[in-house]
Amino acid sequence: MLTLKFLVFIALVLSTHADDDGLVMKIGAIFFDSETKLAEAFDAAIEEVNAVSPVLKLEPLKHYITVDDSIMLQDLTCDLIGNGVAAILGPSSKTGSDIVEVLCNMTGIPHLQFDWHPQQSFRERLNHQMTINVAPSELILSTALSDILRSKYFDWKSFTIAYERDAHLARLQHIFAWKQVHKTGIKLQEFQRGDDYRILWKRISSSREKFVLLDCSSDIISEVINASIGFNMTGSFNNLFITNLDTHLSGIDRFYSNVFRVAVAAIRLRTYVPPPVHDEIDVFDDAEEDRFASLGTQLIYDAVVLFYNAMLQLSQRSGFYSPQFSCGRGFWQPGPLLVQQMKKLSPKQVKPPYKTQRLQITDDGQREDFNLEVYNPIIDHVTHIWNKEFQLVDFDKIRENSTKALKQRRLETKVDFSQKTVKYTVATRVGKPYFSWRKEPEGVHYEGNERFEGYAVDLLYNLAEECKFDFHIEPVRDNKYGSYDAKTDEWDGIIRQLIDNNAQIGICDLTITQARRSVVDFTVPFMQLGISILAYKEPPPQANKYGFLNPYNVNVWLHLMVAMLITAMALILVGRMDPYEWEPPVLNEVNEEEVENTWHLHNTMWLVLGSILNQGCDLLPRGVPMRLLTAFWWIFALLISQTYIAKLAAFITSSKMTGSIASLHDLVDQNKVQFGTLRGGATSVYFSESNDTENRMAWNKMLSVKPDAFTKNNEEGVDRVKLNKGKYAFLMETTSLQYYTQRNCELTQIGESFGEKHYGIAVPLNANFRSNLSVGILRLSEKGVLYKIRNKWFNTNGTTCDHNGPTDDNGQYDMDAVGGLFVVLIVGIIISFIIGVVEFLWHVHKIALKEKIKPMVAFKGEINFLIRVWLRRKPQHTYRQSRDSTSTGYSSLGQMTSTSCAKKRKKLKSRSE
């Protein structure tokens, strides 16, 4: 048995070396019927490697399939194995079956792949140990795409991915991990081969996207991009990144023109430098045109070269033999050694050289090292080189470090229009002092940018000189800054022009807000400001030495004096009616008791006057009617005096609107002065979106004002303040407020500024020239240019204000203002009299009961004494004195008075002794 095996082995060896020209090894390949170019590349690669050495020749065996059928693939694979192939190339990833890999793994025949296949787990790789894939790893390619977009050269913050349905999204997995699928991150737009691609670009244009990543087959790239021309997607600020590695074969270069100004970038594997420059360091050198232009043909070529060089080394070893067995009935022992040899080969060891750079197979049979070119496919200009070790490197830096001069014959005849200095369209709005139409002197006509003047115009000229760009100014039609309408989901004004790519720069007094930053970008601020209150400043009143009488007019003063006199008389009458207001009885000279009343005109006028002057009096009432009357007078006197004092203080301090309102809090707490702001501006947004209670109250008040509190522009607000003369205040930015107050003597600023804000230059979202503008603004600030421009337009003016002039409002109170005080006084007097009369009648009733006389007699006696107001002392029994009296008074009045006084003095003298 052993002898038989030895004879068979000798026969195999002899048959292998029968050809004097060298060893001939068969290599099989499986292609689809549509892959004729790949088959031709396979034959060309066999032809080239066979010319390397006479020791080893490759004999190709090709099979073709029409559809993806695993049974047919199994039959074709077994047929190739039965014909003694030493390796099988293919099929491409169009097939979803791995039957070829499994059969090769079972028989020890190396399996060569040349395009992307799904990532395999560790367990799956155990059943595919004979497979070598020369295509770049999708995982590493995904890393490369993420590195490119995240680099400072691209810096894509948000973009849209337009992908073909059958494309390999696995190569975008790192991008999805970097950015969320959201309107502020990544937006996805799917399409299918044969669709109307205009629908795709219409959706992208409607989303106002300027950064698009296109992932589709190379044969439809040109057709897809052509559909974007009608949707304003070909401007100089649009960006397109194409992920297909065969973009350079798509015919996209036909779009080369001064109209197609899109910044296009694509990637491809870096082609290996051909002989005689056989050095991986010279990655910048251009490759020669050959039959292997597409990535698929290049990778097939590299797979054949890899197999040939490994076979050339392995065939020189002892014990090597060609495979001669049928499918499933043997295992080729040199097969695993051949696979290991392919993994060990370095790019510098192979002949002829690979078509792609840095081809090195890992232990897992994958290719993780390669160079990627980032280039502009319109003009075929390389800008960057990427690899796993150094990531993205500027191509110019590689060229500078090179020892070989670069011949840029393509660049000598073609200009990169996307990189050419552009003329920015500037969107702005009319509004002094930032931007306005320039007055044309007689006989002079301005054109272009000369038609305008203002702070923003001067800033643009200085910024253009600093940053080296040109510009064209276009005022927006609606003359709005840019606000968001939630109902229509649209922006207006300057922001809308930037979103629609109709302008590249937006400049005026445009405030940086969070809402605007979500749709556009801003440079660093060129001005810092706040919000303040613009109000009407009335001219100061003329000096008046009799101004202390101004709080009340003449009518009020006359009524006040009459009220004092009437109140004094009322106090006298009520004091005489009220029994509690009489002094304790004393004996007169005839030993009769009598009482005395102190409420006479002299004392009552003193009480009335003292109350008005807030000085008080030593006479105090005791009875209820008297106290009630006095209390009502005190109320009247207090209100009259305090009202006078308050009004007098207001006159002294020139009580105008600017004096009574000193802050936003004061403005919100009053209802006399209406206030508003610019409609749709940043100031209105500050109040409408604020969580502060005071700001919300101010916003609600502005909404409730009729007529409308909001204005179309600042000029309308200023005119409204002047026309209303203190009845309307306008909330605006401090810079504009300063401009108008310095040029209008009747306007003034109230209170301190609040709500700090910044003005910035708006640019389209993710615009790469934003940083250049920001640097320019900082340089102008450091040079003092910004200060000079601001001083020119805000502080310099020839207006002189005359603050002398009469006042329109004397501030006097009329009867309508103080009439209520008199009503209160009259009511108090009436109530006091009613109570006094009741008490008087009750007193008469008690006298009649006590003295057992008729009530009329007692009433008559009390009335007769009551009407004699000149009498200060009251007899104990008035009804008796009434009988003896004459029509003019008591008959014994003089004697009684003298006797009473004598007895009173005698009584006081005896008490003192």
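Everything here concerns the structure above.
Here the structure is a predicted model, which is why all the values come from computation and not from measurement.

Definitions and cut-offs
Residues numbered from 1 in each chain as written. Predicted model: local features only at pLDDT ≥ 70, side-chain atom pairs only at ≥ 80, totals over all residues. Heavy atoms only, no water. Pairing = 2+ DSSP bridges. Helix = DSSP H or I, 4+ residues; strand = E, 2+ residues; numbered from the N terminus. Axes fitted to C-alpha atoms, helices over the stretch in contact; angles between N-to-C directions. Left-handed = near helix turned anticlockwise from the far one by under 90°. Contact = heavy atoms within 4.5 Å. Nonpolar A, V, L, I, M, F, W, Y, C, P; charged D, E, K, R; others polar. 1 Å grid on protein atoms, 1.4 Å probe; cavity = no way out; pocket = protein on both sides within 12 Å on 5 of 7 lines; lining within 4 Å. Points joined across faces, edges and corners; volume = space filled by probe spheres on them. Salt bridge = Lys/Arg side-chain N within 4 Å of Asp/Glu carboxyl O. Buried < 20%, exposed > 50% of the residue type's maximum accessible area, 1.4 Å probe, protein only.

Asker: Which parts of the structure should I look at to understand the pairing of strand β24 (residues 593-596)?
Answerer: Successive residues of a regular strand alternate their side chains across the two faces of the sheet. Summarising the sheet, strand β23 (residues 586-587) and β24 pair through two bridges and their orientation is antiparallel. From the neighbouring strand, L587 faces β24, where its bridge partner is E593. Here β23 folds back onto β24 in antiparallel fashion, the turn holding five residues, of which N591 has a positive phi close to 60 degrees. Relative to strand β29 (residues 873-875), β24 runs antiparallel, the two sharing three bridges. For E594, the partnering residue across the bridge sits in β29 and is P875.

Asker: Sorry if this is basic, but what is going on with the sheet that holds strand β27 (residues 747-759) here?
Answerer: Adjacent strands of a sheet pair through backbone hydrogen bonds, lying either parallel or antiparallel. Strand order across the open sheet formed by four strands is β25-β26-β22-β27, with mixed pairing between neighbours. Each of the sheet's edge strands pairs with one partner strand only, and the pair in question is β25 (674-677) and β27. Averaged over all adjacent pairs, the angle separating strand axes in this sheet is 20 degrees, with direction ignored. Pairing of β25 with strand β26 (residues 728-733), which is carried by four bridges, proceeds in the parallel orientation. Each residue of the ladder has a partner; that of F675, found in β26, is A729.

Asker: What is the right way to read the sheet that holds β29 from this model?
Answerer: Here three strands make up an open sheet; going across it, the order is β23-β24-β29 and the pairing antiparallel. Two strands close off the open sheet at either side, each with one partner strand: β23 and β29.

Asker: Where do I start with the packing of helix α3 (residues 70-82) against helix α4 (residues 99-107) in this structure?
Answerer: For any two helices packed against each other, the geometry comes down to the angle between their axes and how far apart the axes lie. Where α3 meets α4, the closest approach of the two axes is 9 Å, and the angle between their N-to-C directions is 35 degrees. The two elements α3 and α4 cross, and the hand of that crossing is right-handed. The residues of α4 that touch α3, namely those facing S70, L73, Q74, T77, C78 and I81, are I99, V100, L103 and T107. Tallied by class, residues from the contact of α3 with α4 come to six nonpolar, four polar and no charged.

Asker: Mind showing me how you'd approach the packing of helix α2 (residues 36-50) against helix α10 (residues 295-314) here?
Answerer: At their nearest, the axes of α2 and α10 sit 9 Å apart, and the two run at 35 degrees to each other. For the element pair α2 and α10, the recorded crossing hand is right-handed. Contacts between α2 and α10 involve K37, L38, A41, F42, A45, I46, E48 and V49 from the first element and G296, T297, I300, Y301, V304, V305 and Y308 from the second. Of the residues assigned to the contact of α2 with α10, the class counts are eleven nonpolar, two polar and two charged.

Asker: Hey, could you run me through the layout of surface pockets in this one?
Answerer: Each pocket or cavity is described by its volume, and for the largest pocket that value is around 1200 Å³. As for the largest pocket, its lining consists of 39 residues, of which K94, S218, N244, D246 and G296 are closest to the centre. With six residues, the single largest contributor to the lining of the largest pocket is α2. Within the lining of the largest pocket, the residues separate by chemical class into twelve nonpolar, 14 polar and 13 charged.

Asker: Mind showing me how you'd approach the pattern of salt bridges here?
Answerer: Note on pairing: side chains with opposite charge can pair once their charged atoms come close. Inspection of the entire model under this criterion finds 21 salt bridges. We note a salt bridge from D196 to R198, for which the minimum N-O separation is 3.0 Å. A relative accessible area of 35% means that D196 is categorised as partly exposed. Connected through shared salt-bridge partners, R268, R270, E373 and D380 make up one network.

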